[in-house]
Structures are given as C-alpha cells and as structure tokens.
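Chain by chain, the residues:
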Amino acid sequence: MSNAQISLTLEPAADTRRPMALTPGEDFRGYLASHLGRAVLFLMTFTSVLAVLLILLFVILRSFSFLSGYSLVEFLASRDWRPTAESPVFGSLAIIVGSLYVSFAALLFAVPLGVLAAVFLSDILSWKARNVVKPVVEILAAIPSVAYGFFAVLVLAPWMQKHLGLSTGTNALNASLILAIMALPTIISVAEDSISAIGRELREASYSCGATRMETMIKVIIPAAHSGIIAAVVLGMMRAIGETMVVWMASGNATQIPHPWWDVSQSIRTMTATIAGEMGEAPEDSEHRGALFAIGVLLLILTFSLNIVSEYFLSRAKKATGKT
Amino acid sequence: MNLRIRGTLDRFFTAATGLSVVLLMLVLVAILGPMLYRGSNAVFFQGTVEFRKMQRDLFRRSDEATLNAEIAETEVFHRRISEMIDEFRKGVDIEAMSSQVRDIHRTFGQELRAKAVADDRYTELRNLTRDIRDSLEAAFAKQDIREIRPLLDGVLLHAENPAFQGTAAEKFFEIARSFLATAETVDLNHQQEYAAALRELQGILFHTQDLPGLLGPRPDEPQPLLVMLRYGATRWDQAQQLLDRFFWVEEWVEEKPGEPLVMRKEPRADLFPETLGPLFAYVQENADKMLKPKFTAYWQFFLDDNFNSHYFGGVGPEILGTLFITLVGMLFVIPFGIVSAAYLVECATDGQVIRIIRMCINTLAGVPSIVFGLFGLAFFVLFLFPLLGFEPKPCILAASMTLAVLTLPVMIRASEEAIRAVPRHYKEGALALGASRFHTFVTITLPAALPGILTGVILSLSRIAGETAPILFTGAVSMGDVPRSVFDPTRTLSYGSYDMAVGDRLAMMVPHNQYGMVVTLVALILILNTVAIVLRTRVYRKLRGQ
C-alpha cells in the first residue's frame, strides 16, 4: 500500500525510458529556439534605441525644410517671433532665453531646499520616519503637471495679483515657483542617494575629529558627494526645461526678455509653451510648423547634452563611492 | 571658533534641514488641500429644485411625484415675482409701453375687420384709436405729472364708449390708469435710469441673453434654446452669489483723489422708487422657499456628459477617454517593458551594446514631453498611419502609442528593479534542478518579481493618465462625441483640466466643475500611486523575509 503510493508520486518526475542524451534534431531545435528567442528578446529591448533614433529622425526631418530655407543666424539671434505676420519672422532668442530663465530661477529655489531636504532624509531622520516622508516626495512627483498648472493659474496667479500687487499673476515668478516644486522630487531623490552612498568611514572620521554635524555635512560629506549632487541639479534642470503645461499656463506667454533682467514679475514665453500653443494653428507643411519643429530640435539638443552631463557626473559619483 | 557658537550653528543647520522638509509637506498640503475641498463641491453640495429639474430633463432621473409638488410650490413664488416686476415695469419702461399700445391699435383694427364693420364706421373708429394711441405715447414721453394728467384724462373720456366694450381697445384704458397711478407716485425724471436698472435686475432674477439667473426663465416665457438658460441657480452657493448681487450693487469709487479705487456696496433697492420695495422684502423672505436647497450627493458626476461646455453635467466621457487611452497604451508598454527588463537582467552579456541600450533608455526618460507630442504627430499620425492605410488624423491609437514610448523607461526601470530584487538562490535552485534558463525565468523569477512589476505597471498607468503635452496634437480634443473605436480622438481628464483652467467666462462661473475635473484626475493618480507604494513596501518586506 505505502509502496504503491511512493511510486505514484515519483513517476511524473522523470521519464526513465528515454536516453539522457538529446537526438541531433532535438539538439538543433533547442539551439535554434534559444538563439531565436534571444534574438526576439533583443529586438524588443532594442525598441528603446529605435524610439530615440526615430524621435531624432522625425523631428529633424520635419524641421529640415525650415532650417535649410531660413537663416540659422536669424533663427537663433533675433528676438522677433512673428509667425503669422505678412512676412513672418522666426527669431527664437527671446523664447530660448525664456526657457533658460525660468529653469534657472526654479533651480534657485529648488537646489538649496532640495539639498537640505536630502541631508535631512539621509543623515538626520530615523529610518522609520523616512518611510513617512519619502512618500510625500513621491506624491509631489506623481501629481500630473496639468494639475500644477491648474493650481498656478487659478490659485497662485490671483493670489500674487492681490497680495504682491503685480499687474499680472501669470509671470516668470509664478512659473518658476511651480517648476521648483516639480523639480524638487528629482533633486531630492538623486541627491539623497549620492549623500547616503558616501560611506560611514568619512562621517565617523569627521565626528571623531570633533566636528559637529553641520561641519561634517558641509565640509566633508557634501564635497565628497558633489558629483551626485551636480547630477541631481542637472536632472532637475532637465525636468524644468522640458516641462510644458505649467509654463504654458503660468508664464504669461509674452515673447520678451525681461528688462531689467532680474524682474521676475514680467511675463515670458518658453520653447515648450511655444510649441504647445502654436502647433494647433500652424497649417501643415508651412514654414511656421517647420519653425516649431526646429524649436523641438533645439529642445532635444539641449536635453541630450544635459543628459550626457548628468550621466558623466552620475558615473563619476559611482566611481567615487567604489560601487559599479 | 567658540564651542558654544559651533553648537548653535549646528542646531540652526539641523533646524534648516528639518524646515525644508516641513516646507515641502506644507506645499503638498497647500496644493492638494484646497483643490480636494473645492473639487468635492462638484459632488457634495446643496442642490436646489432647479438642479432636480435639470436632472429630470437632461438625465432622466428624478422622483417625479415629489419634484412636481416642489415645482408647483415654487412656481407660486416665481409668478408673484414676475407680476410685481411687470406692474412696476408698466410705469417706467416707455419702449415696452409704446410698443404695447401700438400692438393694441393693430389688434383692434384686425378685430374690426373680422367683424366686417362698415367702411366709414371703420375709418372713424380707427381714427379715434389712433388719437388715443398718440396721446398715450405723448404722455409716456412726458415727465411732468401736470402735463401727463390732461393727456390721460383725454384718453379716459372714451373709456365708456360702447364701441370699445369687449374689444382689445379696453386695454388702452387699463394702461392709462396704471400709468396715471405710477406717474403720481414715481418720479418720472428717472424713468430712463429705472428702466436700465430694471433690465439688470431681471437679468439677475431670470436670465440675460447668455447667462442664467436665479429663478430660470419667466413663467410666461417660451423655453430658451440654450440649455443652461432653462434653469435657475442649480446650487445653493450659486444662488447665494446671485442673491448677493440682487440685493447689493458693487461700485468702484475714488475715495481720495489719486488713490486706487475702493469697492463699496450699495443696496440695490436704493436704485428703485419705493413702489418696488416689497419685491426685495419678498425675495429676502422667500429665497429658500423658492429654491428649496437640499443636500445632494451627485455621484453621477463621474458618469454624466456635460452641457454648454461644462456648465451642467459631469466628467463621464473624460474618464472614459482617459481609461481608453491608458489601457491601449498599457497594451504596448507592458510586454515591451517586461521583456526589455528581463533581457537587461538575464541575458545581458555584451557590454558595449547593453551600455548603448541603457544610455538610450536614460535619454528617452529625459526627452521633454512636448517633443514626444511632436514625434507622435510626425511619426504615428503623419508617417505610419498613411503607410498602413489609416486616415492620418489624431486619434486614441496615436495618443496611446506616443504615451507608451514616453512611459517605456518608467516601466523598464521598475521591472528591472523588481527582477533584480528576486534573491539569487531562487534562480540557482531552479537551475540546479535542471530547468532551462527560459523555464526558470518564466516559472520562478517572473512570479516572484510579479508584485514588483505590478508596481511598475501601476506607476506607468498613472504617468500615462496624467500626461497632457504629448496628446495635445495626437488625440485629445476639448469637445466631441464619446469615441467608438481607437481611430477616434477623445476627451481626457488631463486635457479637460487644462481646457477648463484657461477656459472662458463660462468655465469661471462653475468653479466646482473646474475643480471637479482636476480633482478627479488627481484622485485617480494619487490612488494609483498609493496602491503602488503600499504594494512595493509589502513586496520588499516579503522578499527580505521579514
């Protein structure tokens, strides 16, 4: 009785009647399947590369007729953007400056705050409390940009007009404040990773020399983690430059360079907002549409170069902490 | 440096870092708190009888018997108010009165023709009524009671004329008498001002050309064509704003020369003579009886379509469109994301190629969302669709594919992390038992990594649902039918939120619907993210064996 049970449970484990070696046909089929499978997997993985190439190709392709027919110097150096005038002018200087202007202004708010918060999360807060604070950062990152834009237009703009006495609530200050909030999660998480990646040795050595926590942080840890922090800032910058909805809704969309340059209460216009706002009205195959795609190319160049910079600093940070 | 100073500085530093995090939390609360509160007003509010009427007419849901009783009760008030206004208007609105007497004159002529009166008698009576009409119009134009009285007395002499008994001409004398009464009580020098003020008052009470008022159309008026003009204030908060405008006039006055203007509120009743005083008292007394506010939980907000660009109704089609785009997008992202992650973790041997792939994934994550929109338009809509024989126009399929490319990095990174988190000994155990690598991956690694992958799926879902810029040119519209296939464009919550935030005056009049739309989107995404965060913590706890 018990014997029969044992044999019953053992039987499906292996087919003992067959020889252990595979037949040549099976061997070949297995070889083919494994390599074919790998090839298919590789191709699917390769989609990301393909996507990047296609994005580059098609955005450049669409702007090609414009870029070849229009003076590149005028496109980059003129401040006049009058796409619908009788003789249209496509000078994107004010727009490019606008993009950089709000992004740097946003970083001005976001970097000190982000680095301080990263220090607090990595070195001061207990591990348990961190599990409460981190979701806050994640939720800030998850809120869709259109909701931030909504807040900027319907809450922040009227508030600014009423309490700061500005002539318009949709201005560079409004856009940069919101962009700062949106760039913060990126900056905090990358900076925190790099600060906590600096090992205990440095901290303990510093404390044992009698340094306070502030001295340890400012003179030892942050300099040691500088590569990662720079990468965090660059990634935050990328987030701010690429953001569309918030700047479109909150920046006022006036094609001008603020004068004097520090006057953040003036309306400005960014590259992303220009594309978003004018694409719908630009007729197909027109010069206007080509110009908008050309701005897209500029954006791509800008973000690609920022990406390379951030990759460089991230890999340096990895090397510095000895982790590959 | 002094030890004490160093200690103080250190404490300041700690406080500053702590404050930065507190500030972060405050920002989150400041953004989400008011938004959620005002958005909840779209669903929970004090609905008036007009709201229930609107629900019955537009969405076919009501408690017929109670509603009819309510309407009957409120209509009494509507009629009374309308009568009070008419009575007052008779005295002041010259144009209306003049056109009325001209009408009477015409109708009287038609009545005579119908009765087939003899020609000379007809001419005689017509001449008489023309004289009456002219002296009435002359009286309306005068402002001094001493000039008006003789003119009206002359008209009223004919009141007993048997030829006018039982005809339209009787109304001449009614008008003459009531105008005499008004002229004796009201200062006619202000006639023009009264007429203008009355028009504004009626706009607030009933409706203007294009904006709804407190009570809806007048009882004797045909139903307006524009849906939103057919109903009065559907919400008690709206009604209170209108009542405030009804009782008070806002004026910007310059109190001191050179200073900014200051707003002052004056009672609207002061604009009118005392004869209209009872109307204000009446409305004040019966405001809640006319509108019958009642707590309403309008959960159908999430199902209903909207009317008059979101003046009435909900966000049903927007939710449907968002789900549609998200699900189609996920069909593309999930397989590609998981396979890419699996390849990167399990099969990656060749250093150079893998480095390029990783670099491209990072690059893809950094491409601005609007550029994805450009790419979607240039590649999917204008290049791929004509190639495959589809119509090259923005649609759900194009939007979904664009968003799929955008979220691919999110999905790959999350899945990769999940697969890497599976302990080595799981896999080694399976391989030692003679399972092939494919077999091991499918039966051992993937099931263990599945909850983590699910986290990635949820995160990409929330990313797709929230993005706006990429679908601007590839498939989102602000108005239109509910999509029937993936080749139709659709409304979405994200684009709808944008549209309502920068929308026209009408959207600004329904802040509850503006906030309702954006809160639906934010709530959807917060729920998805909370689920993802909770799931992730549990998975890692389990895999670590805690």
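The shown structure was predicted, so the numbers you read here are calculated from the model rather than taken from an experiment. (Residues numbered from 1 in each chain as written. Chains lettered and ligands numbered in written order. Predicted model: local features only at pLDDT ≥ 70, side-chain atom pairs only at ≥ 80, totals over all residues.)

Turning to the overall build of chain A, a few remarks are in order. For chain A, the count of helices and strands is 14 helices and two strands. Against the compact-globule benchmark of 20 Å for 324 residues, chain A has a radius of gyration of 28 Å, which places it well outside the compact range. With respect to the three principal axes, the spread of C-alpha positions in chain A is 95 × 65 × 40 Å. Counting every position in chain A, which comprises 324 residues, the buried fraction comes to 43%. In chain A, the share of contacts with a sequence separation of at least 24, taken over all contacts with a separation of at least 6, comes to 74%. (Helix = DSSP H or I, 4+ residues; strand = E, 2+ residues; numbered from the N terminus. Rg over C-alpha atoms; globule rule 2.2 N^0.38 Å. Buried ≥ 20, exposed ≤ 12 C-beta atoms within 10 Å, placed from the backbone. Contact = placed C-beta atoms within 7 Å.)

Moving on: the overall build of chain B. Tallying secondary structure elements over chain B gives 19 helices and six strands in all. Over its C-alpha atoms chain B spans a radius of gyration of 36 Å, topping by over 25% the 24 Å that the globule rule assigns to 546 residues. Among the 546 residues that make up chain B, the fraction classed as buried is 38%. Considering only contacts in chain B between residues 6 or more positions apart, those separated by 24 or more positions represent 71%.

This part covers unusual backbone geometry. Across the junction of His259(A) and Pro260(A), the peptide omega takes the value -5°, indicating a cis bond. Secondary-structure assignment places Pro260(A) in the loop between helix 12 (245–250) and helix 13 (271–278). Here Asn253(A), not a glycine, exhibits a phi torsion of approximately 55°, which is positive. With respect to the helices and strands, Asn253(A) occurs in the loop between helix 12 and helix 13. Phi at His310(B) is positive, roughly 70°, even though this residue is not glycine. Relative to the helices and strands, His310(B) resides in the loop between strand 5 (306–307) and strand 6 (312–313).

Another aspect to go through is the domain arrangement of chain B. Residue and element names in this part refer to chain B. Entries for chain B in the domain assignment read domain 1 (3–40) and domain 2 (314–543). The C-alpha centroid of domain 2 is placed 33 Å from the C-alpha centroid of domain 1. On the domain 2 side, the residues contacting the four residues of domain 1 number seven residues. Partitioned by chemical class, the residues of the side of domain 1 that touches domain 2 number two nonpolar, one polar and one charged. (Domains from an automatic or database assignment. Nonpolar A, V, L, I, M, F, W, Y, C, P; charged D, E, K, R; others polar.)

Now for the packing of helix 2 (residues 24–45) of chain A against helix 11 (residues 316–347) of chain B. One way to put it is that helix 2 of chain A packs onto helix 11 of chain B with a least axis distance of 8 Å and a crossing angle of 115°. Once helix 2 of chain A is placed against helix 11 of chain B, the crossing between them reads as left-handed. Two secondary-structure elements touch here, helix 2 of chain A through Arg38(A), Leu41(A), Phe42(A), Met44(A) and Thr45(A) and helix 11 of chain B through Phe336(B), Val339(B), Ser340(B), Ala342(B), Tyr343(B), Leu344(B) and Cys347(B). Each residue belonging to the contact of helix 2 of chain A with helix 11 of chain B can be placed in one class, and the counts come to nine nonpolar, two polar and one charged. (Axes fitted to C-alpha atoms, helices over the stretch in contact; angles between N-to-C directions. Left-handed = near helix turned anticlockwise from the far one by under 90°.)

This paragraph deals with the domain arrangement of chain A. Residues and elements named next belong to chain A. The domain boundaries assigned to chain A delineate domain 1 (21–68) and domain 2 (72–321). The straight-line distance from the C-alpha centre of domain 1 to that of domain 2 is 34 Å. Looking at the side of domain 1 that touches domain 2 residue by residue, the class counts come to five nonpolar, two polar and one charged.

So, on to the interface of chain A and chain B. Contact with chain A, which involves 63 residues of that partner, is made by 67 residues of chain B. With 10 residues, the top contributor of residues to the side of chain A that touches chain B is helix 3 (residues 47–69) of chain A. Along the lines of polarity and charge, the residues of the side of chain A that touches chain B split into 45 nonpolar, 13 polar and five charged.

On to the confidence of the model for chain A, then. Here chain A averages 86 in pLDDT, and 93% of its residues register 70 or above. Note on residues 1–12 of chain A: pLDDT is under 50 here. Beyond four places in sequence and across chains, it has zero contacts. (pLDDT = per-residue confidence, 0-100.)

This part takes up the packing of helix 6 (residues 127–142) of chain A against helix 19 (residues 511–543) of chain B. Here helix 6 of chain A crosses helix 19 of chain B at 140°, and the two axes come no closer than 10 Å. In this view, helix 6 of chain A runs oblique relative to helix 19 of chain B, as classed from their interaxial angle. The hand of the helix 6 of chain A/helix 19 of chain B crossing is right-handed. Residues Pro135(A), Glu138(A), Ile139(A) and Ala142(A) of helix 6 of chain A form the contact with helix 19 of chain B, whose participating residues are Ile525(B), Leu526(B), Asn529(B) and Ile533(B). Taken together, the residues of the contact of helix 6 of chain A with helix 19 of chain B break down into six nonpolar, one polar and one charged. (Parallel < 35°, antiparallel > 145°, perpendicular 65-115°, else oblique.)

Turning our attention to helix 8 (residues 191–205) of chain B. Residue and element names in this part refer to chain B. In this model helix 8 runs 21 Å from its N-terminal to its C-terminal C-alpha over 15 residues, within 8% of the 21 Å that 1.5 Å per residue would give. All of the buried residues in helix 8 are Tyr194, Leu201 and Leu205. One face of helix 8 carries all of its buried residues, which in axial projection span an arc of 35°. With respect to the buried face of helix 8, the exposed residues turned more than 90 degrees away are Gln192 and Arg199. (Expected span 1.5 Å × (residues − 1). Arc of directions from axis to C-beta.)

Spanning 22 residues, helix 2 of chain A covers 31 Å between terminal C-alpha atoms, matching the ideal 32 Å at 1.5 Å per step. Counting buried residues in helix 2 of chain A gives one out of 22 residues, a small share hidden from the surface.

The next point concerns the environment of Leu157(B). Along the chain, the position of Leu157(B) falls in the loop between helix 6 (145–156) and helix 7 (170–185). In this structure, the C-alpha to C-alpha distance between Leu157(B) and Leu524(B), residues 367 residues apart in sequence, is 77 Å.

Let us look at the environment of Leu506(B). Residue and element names in this part refer to chain B. With respect to the helices, strands and loops of the structure, Leu506 is situated in helix 18 (residues 505–508). Residue classification places Leu506 among the partly exposed positions, given that 16 C-beta atoms sit within 10 Å. In sequence terms Leu506 and Ser309 are 197 residues apart; their C-alpha atoms lie 7.8 Å from each other. Not counting residues up to four positions away in its chain, the partners in contact with Leu506 are Ser309 and Tyr311.

The next point concerns the confidence of the model for chain B. On average, residues of chain B score 85 in pLDDT, and 98% of them reach the 70 mark or higher. Complex prediction metrics read pTM 0.84 and ipTM 0.88.

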